[in-house]
Amino acid sequence: MTLKKRYKIMLYKRSSELFAQAKKVLPGGVNSPVRAFNAVGGEPIFIREAQGAYLIDEDGRKLIDYIASWGPLILGHAYPPVIDAVTERAKKGTSFGIPTEIEIKIAELAVAMVPNIDKIRFVNSGTEACMSAIRLARGYTNRDKIIKFAGCYHGHSDSFLIEAGSGATTFGSPNSPGVTQGTAKDTLLARYNDIESVKALFEANKDQIAGVIIEPIAGNMGCVPPKKGFLEGLRKLCTENGTLLIFDEVMTGFRLAKGGAQEVLNIQADIVTFGKVIGGGLPVGAFAARNEIMRFLAPEGPVYQAGTLSGNPLAMSAGLAMLTELNNNPQVFESLAKKTAYLHEGFDKVLSKTDIPYQINRFGSMISLHFNENPVVDFESSAKGNLERFKKYFHGMLAEGIYLPPSAFESYFLNDALTYEDLDTTIQALEKIIGDRCLN
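Residues numbered from 1 in each chain as written. Predicted model: local features only at pLDDT ≥ 70, side-chain atom pairs only at ≥ 80, totals over all residues. Heavy atoms only, no water.

**What about helix α2 (residues 13-22)?**
Right, so step 1: Looking only at α2, the buried set comprises S15, S16, L18, F19 and A22. Seen end-on, α2 carries its buried residues on one side only, within an arc spanning 165°. Exposed positions of α2 whose direction lies more than 90 degrees from the buried face are K13 and Q21. (Buried < 20%, exposed > 50% of the residue type's maximum accessible area, 1.4 Å probe, protein only. Helix = DSSP H or I, 4+ residues; strand = E, 2+ residues; numbered from the N terminus. Arc of directions from axis to C-beta.)

Okay, structure coming up:
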């Protein structure tokens, strides 16, 4: 009996029952596709509760968590100041659709923490933030086209669900039914870490490109840091061509540093989008820029954007509590980076003793393991990984009580509730599944 089958029979009973029930009323049994485990096989586990660095599934099993709700729970699950803030706010009402003082407080704090922004607009998700940032860039520049990078994910808005065309200067094509060719023609595809592919697009579309949107540290092809000079070259090209540079910091904002990737990399974007951490675990997104750009946004300017639940007091309370903790305790970023480096070194020590091809990418508190022969620097190289080995790795680690992203193309997100004992347990789990020949 394989390890995966044994785990399902012994430990999956309640989750399997719930998944069967969910498929009757939810498409695919989930509300977001990656949760269905299609990329790794088997059936998803259902979570009952979580505390600190640990998940408890519906079968009562404790798991060390390396996704942190895909990033926002930077200080761990059920972090007391956040829970207290949400609880106290809920007693006073959950939603008004009318301005509240707390929106001002979190906006003032966010603007103070992040370089090169004067105003911020809160929305309800990272998808909405990126969609709105593109609309604002088009309205500000009076241009239609945008450049995005293969492998970077900016949500499920139509403009972003575009796959690569046949060459660097071609238009992309829709990779989801429901996305029109008309939308696709305004989305140009470049290669991450390849500044020449971006130059070619600017040359072929002179004075037509409104914005370039990028994850400054990619997290949706695994963790892929930028090569030296790549983002600097991008900034230069945008400035020379009157194009707005948009940093999608939904993952990196308030995770890598108080000021996010802009601070760490010392590169200024024109528009920055946020999500994840800024909501403290509740559904929140935001986009921000300098005054001259944000003035184009309604009701001050002509670019329309609205949301009935934008600035929801529960989400604002959670976000304010989280940002306050990070602002008052910036050492957390160093702590997280050290823990991530420790995990990297441990994995490297275990895997280097084998003949298994692998690459480990890391930046701050983001990390990913790729079963690749060669360095992973973009989506094309990431896609060359051994997916069958990754599936075995995922299920082997899960059987040992380690919850990793159920996809080879997702970054791990560490939270500061993780102890070094947790990290050692994780490293030992990898050593065990290799010793059991699970990755052969």
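**Remarks on the packing of helix α12 (residues 331-351) against helix α15 (residues 420-435)**
Right, so step 1: Contact geometry for α12 and α15: axes closest at 10 Å, N-to-C directions at 20°. With respect to their mutual orientation, α12 and α15 come out roughly parallel. α12 and α15 meet at a crossing whose hand is right-handed. Residues K338, K339, Y342, L343, G346, F347, V350 and L351 of α12 form the contact with α15, whose participating residues are Y420, L423, D424, T426, I427, L430, E431 and I434. (Axes fitted to C-alpha atoms, helices over the stretch in contact; angles between N-to-C directions. Parallel < 35°, antiparallel > 145°, perpendicular 65-115°, else oblique. Left-handed = near helix turned anticlockwise from the far one by under 90°. Contact = heavy atoms within 4.5 Å.)

**A few points about the domain arrangement of the protein**
Right, so step 1: Segmentation of the protein into domains returns domain 1 (3-65 + 330-436) and domain 2 (80-328).
Right, so step 2: Measuring from the centre of the C-alpha atoms in domain 1 to the corresponding centre in domain 2 gives 27 Å.
Right, so step 3: Around 1900 Å² of area is buried between domain 1 and domain 2 when both sides are counted, 68% of it from carbon and sulfur atoms.
Right, so step 4: Broken down residue by residue, the surface that domain 1 buries against domain 2 is led by F333, F363 and M366, which jointly contribute 35%.
Right, so step 5: At the boundary of domain 1 and domain 2, one finds 0 salt bridges.
Right, so step 6: Taken together, the connections running from domain 1 to domain 2 amount to 9 residue pairs in polar contact (both at pLDDT 80 or more).
Right, so step 7: Of all the secondary structure elements, the ones that give two or more residues to the side of domain 1 that touches domain 2 are α12, β13 (359-363), β14 (366-370) and α13 (379-382).
Right, so step 8: In terms of residue count, β14 provides more of the side of domain 1 that touches domain 2 than any other element does, 4 residues in total. (Domains from an automatic or database assignment. Buried area = accessible area lost by both parts, 1.4 Å probe. Salt bridge = Lys/Arg side-chain N within 4 Å of Asp/Glu carboxyl O. Polar contact = N/O pair within 3.5 Å; in protein donor to acceptor, adjacent residues only side chain to side chain.)

**Observations regarding the packing of aromatic side chains**
Right, so step 1: Tallied over the entire structure, the rule returns 11 aromatic pairs.
Right, so step 2: Residues F149 and Y192 carry aromatic rings whose centres are separated by 6.4 Å and whose planes lie at 85° to one another, so their mutual orientation is edge-to-face. Of this pair, F149 sits in strand β5 (residues 145-149) while Y192 sits in the loop between β8 (187-190) and α7 (195-204); the two residues are 43 residues apart in sequence, bridging distant segments of the chain. For the residue pair F149 and Y192, the accessibility class agrees, reading buried in each case.
Right, so step 3: Both rings, one in Y342 and one in Y420, keep their centres 5.0 Å apart while their planes meet at 90°; by these two values the pair is edge-to-face. Of this pair, Y342 sits in helix α12 while Y420 is found in helix α15, placing the two residues 78 residues apart along the sequence. (Phe/Tyr/Trp six-rings, centres within 6.5 Å; stacked < 30°, edge-to-face > 60°.)

**Here we look at the nonpolar core**
Right, so step 1: One finds Y66, I147, F149, I214, F254, L326 and Y393 to be the most contacted residues of the largest nonpolar core, which totals 111 residues.
Right, so step 2: Broken down by element, the residue count for this core peaks at 9 residues, all from helix α11 (residues 313-328).
Right, so step 3: Within the second largest apolar cluster, 20 residues are counted, among which are A129, A133, I213 and I271. (Core = buried A, V, L, I, M, F, W, Y, C linked by side-chain atoms within 4.5 Å.)

**Some details on the sheet that holds β14**
Right, so step 1: The 3 strands are arranged β13-β14-β16 in an open sheet whose pairing can be described as antiparallel. Taken across any chain shown, the strands that pair with only one partner, and hence form the sheet edges, are β13 and β16 (412-413).
Right, so step 2: With 2 bridges joining them, β14 and β16 adopt antiparallel strand pairing. The partner of M366 across the bridge, within β16, is F413. (Pairing = 2+ DSSP bridges.)

**A closer look at the pattern of salt bridges**
Right, so step 1: The full count for this structure, using the stated rule, is 17 salt bridges.
Right, so step 2: Between R48 and E49 there is a salt bridge, with the nearest N and O atoms lying 3.5 Å from each other.
Right, so step 3: Given the relative accessible area of 45%, R48 is considered partly exposed.
Right, so step 4: A salt bridge links K236 to E240, with the nearest nitrogen and oxygen atoms 2.5 Å apart. One end of the pair, K236, and the other, E240, are both in helix α8 (residues 230-240), 4 residues apart, so they sit about a helical turn from each other.
Right, so step 5: Residue K236 is classed as exposed on the basis of its relative accessible area of 51%.
Right, so step 6: The structure contains a network of salt bridges with shared partners spanning R235, D270, R290 and E292.

**Looking at the pairing of β5**
Right, so step 1: Summarising burial for β5: 5 of the 5 residues are buried, a large majority.
Right, so step 2: The side-chain alternation of β5 yields two buried faces, one formed by K145, I147 and F149 and the other by I146 and K148.
Right, so step 3: In the sheet, β5 pairs with strand β9 (residues 209-214) via 3 bridges, with the strands oriented parallel. Across the sheet, residue K145 finds its bridge partner in β9, namely I209.

**Some thoughts on the sheet that holds strand β15 (residues 402-403)**
Right, so step 1: Spatial strand order, β1-β2-β3-β15: 4 strands in an open sheet with mixed pairing. Of all the strands in the sheet, the pair left with one neighbour each is β1 (47-51) and β15.
Right, so step 2: Sheet strands touched by α15: β2 (54-57), β3 (62-65) and β15. Its angle to β3, the strand with the most contacts, is close to 100°.

**Focus: the environment of D118**
Right, so step 1: Considering the arrangement of structural elements, one finds D118 in the loop between α4 (101-113) and β4 (119-123).
Right, so step 2: With relative accessibility at 39%, the residue D118 sits in the partly exposed group.
Right, so step 3: Separated by 156 residues in sequence, D118 and F274 place their C-alpha atoms 14 Å apart.
Right, so step 4: Not counting chain neighbours up to four residues away, the residues in contact with D118 comprise V111, A289, R290 and N291.
Right, so step 5: A distance of 2.9 Å separates the side chain of D118 from the backbone nitrogen of N291, its partner in a polar contact.

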